[in-house]
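Summary of structural features
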Amino acid sequence: MPGVFHSIKLLDLACDMPGAYACMLLGDMGADVVRIEPPAGSALHTRSDFRLWNRGRRSVSLDLSLAAGREVLERLVARSDVLIATTSPRAARQGRLDFDTLHRINSRLVYCAISPFGEAHPMADLPADDGVVNAYAGVYGDQGGWQEPPIYSRLPIASYAAAFLAALGVGAALYARESTRKGQKVYVSMLAACLAMQTGSIVVGPRVRSWARDARGQQGANPVYRLYRASDEWLFIACGNVTFWNKLCLALDRVEWLEDPRFEGAPWNIPLENRDALRDMIADIMRTKTRAEWLAHLAANDVPCAPVQTREQFANHPQVAHNGILSQSNDPVLGRMRAMAVPIKFYDTPGAPGTAAPQPGEHTAEVLRELGDDAAKTSKGARP
Amino acid sequence: MKHPLDGVTVVDLTSYIAGSYVATLLADLGARVVKVESPTGDGFRVMAGSFQGWNRGKRAIIVDLTKQEGRDLLYRMVAEADVVLENYRPGVAKKLGVDHETIRAITPDIVYCSVTAYGQTGPYIQSPGFDPLMQAQSGAMHAQGGEGNPPVFLRVAITDYAAAILGAVGIAAALANRARTGLGQRLETSLVNSAIAVQAAEFLDYGAKPEPRRMGDYGVDAAYRLYQASDGWLFLSCQDDESWAKACAALDRPELARRYPDMTSRLKHDGEIAAELERLFARGERQKWLNKLQQAGVRCGPSRVMTDFHDDSWAVQSGLTVSAESPDAGPVRQMGVAIGFSDTPGVVWRPAPSHGQHTDEVLGEIGYSDKDIARLRQNGVVG
């Protein structure tokens, strides 16, 4: 069955992960994606993760410095619904790939520009990447904790979140286009994306409890919402409301804690100075049984908890298999490959993970044929 | 059309983060959202500040869906809605009479979205699902700590927020499709799926996949990590030999690039290089180092804390940070609209509502008289 974006033609001019991932999401959801490559190919093709991000699309090699290459591009723009670009605003203007120029060719084009800081930011034209943006947005600073050194986050959160926001912006602009009959420019920054992943904790005000000030330690700041080590392995206990706090006290056979004035305000508003005491008491109790015993005991008492696992263990989790969120394929470069499938389940228009990422320019001739006979004559600018 | 989702009406039956935030993202894009809460209310209302971030832009009403009159009221809202959003544990929506089948019978072209922890069917759907439980199971905590170290709780609630944004992606896509075809549909996402989507490269696996590079607390290697200057931390990002050479030149240490020109030599002497750069950066102010590096075209920037962005004049001017007067949390500053649109910009309609703040207003709009409302309130159907 076709994906939800089945009639949408997308031009991929992305040169980094957020843009490429956004194209993958939209392609898996049914869009017809054509990727434009420079004649020399791009360095991204040597990166294995781009075997994933570049799946499900056709690759056209174009030399945009030649008039004939430019003409092919303009014809592709003319027939496309969406374009995703990750070049800096300055470079886009220099290459005549900016929104204003391309919108004159196709007024229905939705042009999504993804950049590290956004086009109005003082750092907009400075070199930046995922690490720089995560640092700037406070992802590392907040991970470190209150008045502690920052800690590097191993997940490229800014990049992932920017990819998701780009897909959202494109979807919303396509919806708007049905009324306005006009495309527009959609701006996504990796900085805003970091903030969008933290909208709850960045609210500040004189009457607002500061999460940043509460942040202590790397296993969790709240003694009933944190990691503990059982006699053998680690687990997470997540008692995020009063009901679960009550159940935890019962499950640990410590009903007296419910009356203990030190823990008033549990679970979220236990005074900071009493948190360590409660943490130490729970830690002592947790050491008395194996993780398997605790998971069974806590589950029987309706206390939310889960084991700390590796990614490989999760890949074999029965629910992961049931959801079909990881799929196997044969990649011509990587061989047998396991990768994410479509993370959103549409009951009527499910879409599917795209076919293996193309070689640079693999579909140049095919796409040129689609553009008609004239284009074939101009193919000097295109390198199959 | 002023905003991208102008005219879209959303009935939001969610609570907590992953569900609630979907509706707020839609509201930011111009949708009209009514949050329908039980008399007890969203369990995360206790966090009045954060509740702002997950629920601003909505109106809120209290309806007891366990009562027939409450359901009838909801059906009247649904008759005029474009989107219904829920995040109950599987089975609860059906029990409350707000499942997809029932809703579709009232509004055939409805876009119906569920956000759950595990999915609608399968072996684990009745298990508790909160972001850290999925962080723990999906390998994120183990990987952040590193092999042999204690696991680490990521302070960004990655699976909640990713699920919320993906839910909004799905709804926007389904609405765009409906505008072309006239057909609504059902869609869902889950924390299981979002945990993988937000670690998609990390879950990619193939025969010759190399072991991930080792990692300390500050970064991946000496050329790609956090360093402490005399007055604050910065991030240095050299991912190739060329930028490493530029950085060494900019820092007046060209001999480092000569001695360790490529990744192999750098990794072999990573500890020494890092120690040398630590000493160097500690001797100067952060901005001085950043200026030198940026002028040389090296990727770098200050490391800050998240709430610092409220003090950036740029963030205020560009609308990335906005002020609001919250009925429950008082005056707050929070994030503006995350995505920019040249023609239809999006909007932060209003602060997060207090519990039941708009019951009378919303019921009035769907045809209930003051007398009806008083009677429903008397009977505990609305609040």
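On a predicted model such as this, the values are computed, not experimentally measured, just so you know. Going along each chain's sequence as written, the residues are numbered from 1 onward. The naming scheme follows written order: chains are lettered A onward, ligands numbered 1 onward. Local features are withheld for residues below a pLDDT of 70 in this predicted model, meaning they are given only at 70 or higher, and side-chain atom pairs are given and counted only at 80 or more; totals for whole chains, interfaces and linings count all residues. To get the side-chain values, all heavy atoms of the structure are used, and hydrogens and water are removed first.

**Notes on the interface of chain B and chain A**
At the interface, 128 residues of chain B touch 131 residues of chain A. Across the chain B/chain A interface, buried area totals approximately 11,400 Å², and carbon plus sulfur atoms make up 66% of it. What counts as a salt bridge is simple: a side-chain nitrogen of Lys or Arg found within 4 Å of a carboxyl oxygen of Asp or Glu. Here chain B and chain A share 2 salt bridges between them. In this structure, Lys182(A) engages Asp343(B) in a salt bridge whose closest nitrogen and oxygen atoms are separated by 3.1 Å. Here a polar contact means two N or O atoms within 3.5 Å. Within protein one must be a hydrogen donor candidate and the other an acceptor candidate, and residues neighboring in sequence count only if both atoms are side-chain atoms. The interface formed by chain B and chain A contains 62 residue pairs in polar contact (both at pLDDT 80 or more). Elements are defined by DSSP. Helices are runs of H or I of four residues or more, strands are runs of E of two residues or more, and each kind is numbered from the N terminus. Take the side of chain B that touches chain A: its biggest share by element is 16 residues, from helix α8 (residues 158-181) of chain B. Residue polarity is assigned by list, with Asp, Glu, Lys and Arg as charged and Ala, Val, Leu, Ile, Met, Phe, Trp, Tyr, Cys and Pro as nonpolar; anything else, Gly included, falls into the polar class. For the side of chain B that touches chain A, the residue count by class is 78 nonpolar, 35 polar and 15 charged. Any two strands between which DSSP finds at least two bridges are classified as paired. Sheet analysis places strand β12 (residues 345-346) of chain A next to strand β6 (residues 185-190) of chain B, joined by 2 bridges and oriented antiparallel. Note that in β6(B) the partner of Phe346(A) across the bridge is Leu187(B). By the convention used here, residues are in contact when the closest approach between their heavy atoms is within 4.5 Å. Values labelled buried area give the accessible surface lost by two parts on being combined, using a 1.4 Å probe and summing over both.

**Considering a nonpolar patch on the surface**
Two joining distances apply to patches: 9 Å for like charges and 5 Å for nonpolar side chains (Val, Leu, Ile, Met, Phe, Trp, Tyr), and every residue must have over 30% relative accessible area and no salt bridge. The Shrake-Rupley method, run with a 1.4 Å probe sphere, supplies the accessible areas, and residue values consider only the shown protein chains as cover. Judged by side-chain polarity, Leu250(A), Val255(A) and Leu258(A) come together as a nonpolar surface patch covering roughly 240 Å² of accessible area. You can see Leu250(A) is positioned in helix α11 (residues 242-251).

**Things to note about the packing of aromatic side chains**
Side-chain rings of Phe, Tyr and Trp, where Trp is taken by its six-membered ring, are said to pair if the distance between their centres is within 6.5 Å; with planes under 30 degrees apart they count as stacked, over 60 as edge-to-face, and otherwise as tilted. If you walk through the whole model with that rule in mind, you get 28 aromatic pairs over all chains. Between Phe314(A) and Phe203(B), the aromatic rings sit 6.1 Å apart at their centres with planes inclined by 55 degrees, giving tilted as the arrangement. Of the two residues, Phe314(A) is situated in helix α14 (residues 311-315) and Phe203(B) in helix α10 (residues 200-203); the pairing between them involves two chains. Relative to Tyr161(B), the ring of Tyr21(B) lies with its centre 5.3 Å away and its plane at 80 degrees, an arrangement referred to as edge-to-face. You can see Tyr21(B) sitting in helix α1 (residues 20-28) and its partner Tyr161(B) sitting in helix α8, a full 140 residues away along the chain. Using a 1.4 Å probe on the protein chains alone, a residue whose accessible area is under 20% of its type maximum counts as buried, one over 50% counts as exposed, and one in between counts as partly exposed. Residue classification places Tyr21(B) among the buried positions, given a relative accessible area of 2%. Taken together, the ring pairs in this structure connect Trp211(A), Tyr225(A), Phe236(A), Trp268(A) and Phe153(B) into an aromatic cluster. Seen from the ring of Trp349(B), Arg32(B) lies directly overhead, with NZ or CZ sitting 4.2 Å from the centre. Cation placement over rings: the criterion is NZ of Lys or CZ of Arg within 6 Å of the ring centroid and within 35° of the ring normal.

**So, the confidence of the model for chain B**
The quantity called pLDDT is the predictor's confidence in a given residue, expressed from 0 to 100. Here chain B averages 96 in pLDDT, while 100% of its residues score no lower than 70. Predicted complex, confidence summary: ipTM 0.98, pTM 0.97.

**Brief notes about the environment of Ala230(A)**
All names here are of chain A. By the secondary structure assignment, Ala 230 is in the loop between β7 (225-229) and β8 (234-238). Note: C-alpha distance between Ala 230 and Ala 283 (53 residues apart in sequence) is 8.1 Å. Ignoring any residue separated from it by four or fewer positions in sequence, one finds Ala 230 in contact with Leu 235, Met 286, Arg 287, Lys 289, Thr 290, Arg 291 and Trp 294.

**Quick word on the packing of α1(B) against α8(B)**
All names here are of chain B. Lines fitted to C-alpha atoms define the axes here, with helix axes fitted over just the stretch in contact, and angles between the N-to-C directions of these axes take values from 0 to 180 degrees. Contact geometry for α1 and α8: axes closest at 8 Å, N-to-C directions at 50 degrees. Of the possible angle classes, the one that applies to α1 and α8 is oblique. Here the hand of the crossing between α1 and α8 comes out right-handed. Contacts from Tyr 21, Val 22, Leu 25 and Leu 26 of α1 reach α8 at Tyr 161, Ala 164, Ile 165, Gly 167, Ala 168 and Ile 171. Considering only residue class, the contact of α1 with α8 consists of 9 nonpolar, 1 polar and no charged. Here roughly perpendicular refers to angles of 65 to 115 degrees, roughly parallel to angles under 35, roughly antiparallel to angles over 145, and oblique to all remaining angles. Here a crossing is called left-handed whenever its near helix is offset anticlockwise from the far helix by less than a right angle, and right-handed whenever the offset is clockwise.

**Description of the pairing of strand β5 (residues 111-116) of chain B**
Residues and elements named next belong to chain B. For β5, the tally of buried residues reaches 6 of 6 residues, placing the bulk of the element in the interior. Across the two faces of β5 the burial is the same, with Val 111, Cys 113 and Val 115 and Tyr 112, Ser 114 and Thr 116 all buried. As paired elements, strand β4 (residues 83-86) and β5 share 4 bridges and run parallel to each other. Bridging across to β5, Val 84 finds its partner in Tyr 112. Here 6 bridges tie β5 to β6, and the two strands are oriented parallel to one another. The partner of Cys 113 across the bridge, within β6, is Leu 187.

**Overview of the sheet that holds strand β6 (residues 185-189) of chain A**
Within the open sheet, the 7 strands sit side by side as β3(A)-β2(A)-β1(A)-β4(A)-β5(A)-β6(A)-β14(B). Their pairing is mixed. Edge positions in the sheet fall to β3 (57-61) of chain A together with β14 (340-341) of chain B, since each has one partner strand and no second. Against the sheet, helix α8 (residues 157-180) of chain A touches β4 (82-85), β5 (110-115) and β6 of chain A together with β14 of chain B, its axis set at about 160 degrees to β5(A).

**A closer look at the sheet that holds strand β7 (residues 205-206) of chain B**
Across the sheet, which stays open at both edges, the 3 strands sit in the order β10(A)-β11(A)-β7(B) with antiparallel pairing between neighbours. The open sheet has two edge strands, β10 (326-331) of chain A together with β7 of chain B, and neither has a second partner. One ladder, built from 2 bridges, connects strand β11 (residues 335-340) of chain A with β7(B); its direction is antiparallel. Within β7(B), the position partnered with Met337(A) by the bridge is Tyr206(B).

**Focus: the side chain of Arg304(B)**
Within the element layout of this structure, Arg304(B) appears in the loop between β11 (299-302) and α16 (313-317). With a relative accessible area of 12%, Arg304(B) lands in the buried category. A distance of 3.1 Å separates a polar atom in the side chain of Arg304(B) from a polar atom in the side chain of Asp312(B). Ignoring sequence-local partners within four residues, the contact set of Arg304(B) consists of Ala135(A), Tyr136(A), Gly138(A), Gly141(A), Phe309(B) and Asp312(B).

**What to know about the pattern of salt bridges**
All chains considered together, the criterion is met by 46 salt bridges over all chains. Arg45(B) is the partner of Glu37(B) in a salt bridge, and the nearest nitrogen-oxygen pair spans 2.8 Å. Like Arg45(B), Glu37(B) is buried. As a salt-bridge pair, Arg178(B) and Asp82(B) come within 2.8 Å of each other at their nearest N and O atoms. One end of the pair, Arg178(B), is in helix α8; the other, Asp82(B), is in the loop between α3 (68-79) and β4, and 96 residues separate them in sequence. A residue is classified by how much of its surface remains accessible, and Arg178(B), at 12% relative accessible area, is buried. By relative accessible area, which is 13% here, Asp82(B) ends up buried. Taken together, the shared-partner salt bridges connect Lys9(A), Asp32(A), Arg58(A), Arg79(A), Glu366(A) and Glu370(A) into one network.

**Considerations on the domain arrangement of chain A**
Accessible area lost during the coming together of the parts is what is often quoted as the interface size. Where each domain begins and ends is defined by an automated method or by a domain database. On domain assignment, one finds that chain A holds domain 1 (9-197 + 349-378) and domain 2 (234-307). Between the C-alpha centres of domain 1 of chain A and domain 2 of chain A there is a distance of 46 Å.

**Structural notes on the nonpolar core**
Ranked by internal contacts, the top residues of the largest apolar core, which has 185 residues, are Tyr21(A), Trp53(A) and Leu298(A). Here this core takes 16 residues from α8(A), the largest share from any one element. Looking at which domains feed residues into this core, each of domain 1 (9-197 + 349-378) and domain 2 (234-307) of chain A gives three or more. If sequence neighbours within four positions are ignored, Leu298(A) has contacts with Leu235(A), Ile237(A), Leu248(A), Ala251(A), Leu252(A), Met286(A), Val303(A) and Cys305(A). By size, the runner-up hydrophobic cluster in this structure holds 28 residues, among which are Val36(B), Leu74(B), Val98(B) and Val381(B). Only buried Ala, Val, Leu, Ile, Met, Phe, Trp, Tyr and Cys residues count toward a nonpolar core, and they belong to the same one when joined by side-chain atoms within 4.5 Å.

**Considering helix α3 (residues 67-79) of chain A**
Residues and elements named next belong to chain A. Under the 1.5 Å per step criterion, the end-to-end length of α3 is 19 Å for 13 residues, consistent within 8% with the ideal 18 Å. Listing the buried residues of α3 in full gives Ala 68, Gly 69, Arg 70, Val 72, Leu 73, Leu 76 and Val 77. Elements in contact with the buried residues of α3: β1 (9-13), β2 (32-37), β4, α5 (99-105) and α16 (364-370). Expected span, for any helix, means 1.5 Å times one less than how many residues it has.

**Examining the environment of Gln228(B)**
All names here are of chain B. Mapped onto the elements of the fold, Gln 228 is located in strand β9 (residues 224-229). For the pair Gln 228 and Pro 4, spaced 224 residues apart in sequence, the C-alpha separation works out to 43 Å. Setting aside its immediate chain neighbours within four residues, Gln 228 contacts Trp 233, Phe 281 and Ala 282.

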